[in-house]
Amino acid sequence: MSKFMVIGERIHCISPAIRQAFADRNPEPILLRAKEQLDAGADYLDLNIGPAEKGGEELMQWGVKILQENFDNVPIALDTANMKAIEAGIKVYNRSKGKPIVNSADAGDRIGYLDLAAANDAMCIALCSKEGVPSNNDERIMYCSELLERGMEHGMEPTDMLFDPLFLVIKGMQDKQPDVLEAIQMISDMGLLTTGGLSNVSNGAPKHIRPLLDSATVAMAMQCGFSSAIVNPCDKRLMETIVACDIIKNNILYADSVLEF
């Protein structure tokens, strides 16, 4: 067994402060967010520069360099709809602490991102979808299998693909939550790794309730074999839950100090 992998989500262009920092090439807000997440236990940092249609290649390289130069070559998930920007980021990426992750491919229009990852010996988040949210788990597994086959045809190891079942918001899709957990179990039973944007589950819920929903979801998902997640590592309740689950699943060695957050 291996420790659950936490991918920190907080360097994201949706944040006004981060968006402005990208525009100004001001490293300070980005380094602050990075440090907060790493101190809280993040293993990877997601660097989301948005569509980045203009100047995306230079921006991604700048972001990768400042993060890795300041945080001992921290591993990064390269997150943008601009494929050339991902490729540019990979060119300056230091792999000493882990391969870059391409975020993300699907079985539809974004399947080229999987090919890009394969061509550059990178990992890839593979969404188990083609157009929007799959209607059931038969579809999820069908798309998972298509992506797995495509990646392996291009020389990828199955362990270089992180399959995302697509977490759904509880408010409005409460009845679909068991399906997502079942999909994680099915993908895990295939010997594959999983990930996903866990905070989607609690979108729209009051701020004080979100940690409860997210931490309960991650515990149930980990019992189904969930391997990693894109989360806010500064959510103390969530991180406590992940570490406790890792201990209970015998993924990490227990010591009292491990749980003294």
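A short tour of the structure in this document, coming up. Just so it is clear, the model here is predicted, and its values are computed rather than measured.

Observations regarding the state of the cysteines
Scanning the entire structure with this criterion turns up 0 disulfides. You can see C128 has no disulfide; the closest cysteine sulfur is in C144, sitting 4.6 Å from it. For C128, a relative accessible area of 0% corresponds to the buried category. We classify C144 as buried; its relative accessible area is 0%.

Let's talk about the environment of A52
Within the secondary structure layout, A52 lies in the loop between strand 2 (44–50) and helix 3 (56–70). Considering only alpha carbons, one finds A52 and I170, 118 residues apart in sequence, at a separation of 31 Å.

With respect to helix 1 (residues 16–24)
Those residues of helix 1 that sit buried are I18, A21 and F22. Down the axis of helix 1, the buried side of the element spans an arc of 100°, and every buried residue falls inside it. Summarising the geometry of helix 1, the exposed residues directed more than 90 degrees from the buried face are P16 and A23. Against the buried residues of helix 1 lie strand 1 (5–12), helix 2 (27–39), strand 2 and helix 3. Just beyond helix 1, the residue with positive phi is R25, at close to 55°.

Some words on the pattern of salt bridges
Counted by the stated rule, this structure contains 9 salt bridges. Residues E58 and R25 are paired through a salt bridge, measuring 2.4 Å at the closest nitrogen-oxygen approach. Highlighted residues: E58 in helix 3 and R25 in the loop between helix 1 and helix 2, separated in sequence by 33 residues. Judged by its relative accessible area of 41%, E58 is partly exposed.

Remarks on the environment of L192
If you trace the backbone, L192 turns up in the loop between helix 8 (177–189) and strand 7 (193–194). Using a relative accessible area of 7% as the deciding quantity, one classes L192 as buried. For the pair L192 and L162, spaced 30 residues apart in sequence, the C-alpha to C-alpha distance is 7.6 Å. Not counting chain neighbours up to four residues away, the residues in contact with L192 comprise C144, L148, P158, F163, I187 and S227.

Observations regarding the pairing of strand 3 (residues 76–80)
Counting buried residues in strand 3 gives 5 out of 5 residues, a clear majority hidden from the surface. Where strand 2 meets strand 3, 5 bridges bridge the pair, whose relative direction is parallel. The residue bridging L45 from the neighbouring strand is I76, located in strand 3. One crossover worth recording links strand 2 to the parallel strand 3 by way of helix 3, and it is right-handed. By the bridge criterion, 3 bridges tie strand 3 to strand 4 (residues 101–105) in an arrangement that is parallel. By the bridge assignment, D79 is partnered in strand 4 with N103. For the handedness criterion, the β-α-β arrangement of strand 3, helix 4 (residues 83–91) and strand 4 is classed as right-handed.

Overview of helix 9 (residues 210–223)
For the α-helix, the turn length of 3.6 residues means that residues three or four positions removed from each other point alike. The terminal C-alpha atoms of helix 9 lie 20 Å apart, and with 14 residues this matches the ideal 20 Å at 1.5 Å per residue to within 8%. D214, S215, T217, V218, A221 and M222 are the residues of helix 9 that are buried. Projected down its long axis, helix 9 carries its buried residues within an arc of 160°, all on one side. The first or second residue beyond helix 9 is G225, which carries a positive phi of 105°.

Definitions and limits used
Residues numbered from 1 in each chain as written. Predicted model: local features only at pLDDT ≥ 70, side-chain atom pairs only at ≥ 80, totals over all residues. Heavy atoms only, no water. Disulfide = S-S within 2.5 Å. Buried < 20%, exposed > 50% of the residue type's maximum accessible area, 1.4 Å probe, protein only. Helix = DSSP H or I, 4+ residues; strand = E, 2+ residues; numbered from the N terminus. Arc of directions from axis to C-beta. Contact = heavy atoms within 4.5 Å. Salt bridge = Lys/Arg side-chain N within 4 Å of Asp/Glu carboxyl O. Pairing = 2+ DSSP bridges. Right-handed = clockwise from strand over helix to strand, strands pointing away. Expected span 1.5 Å × (residues − 1).

Nothing here speaks to function; it is all geometry.
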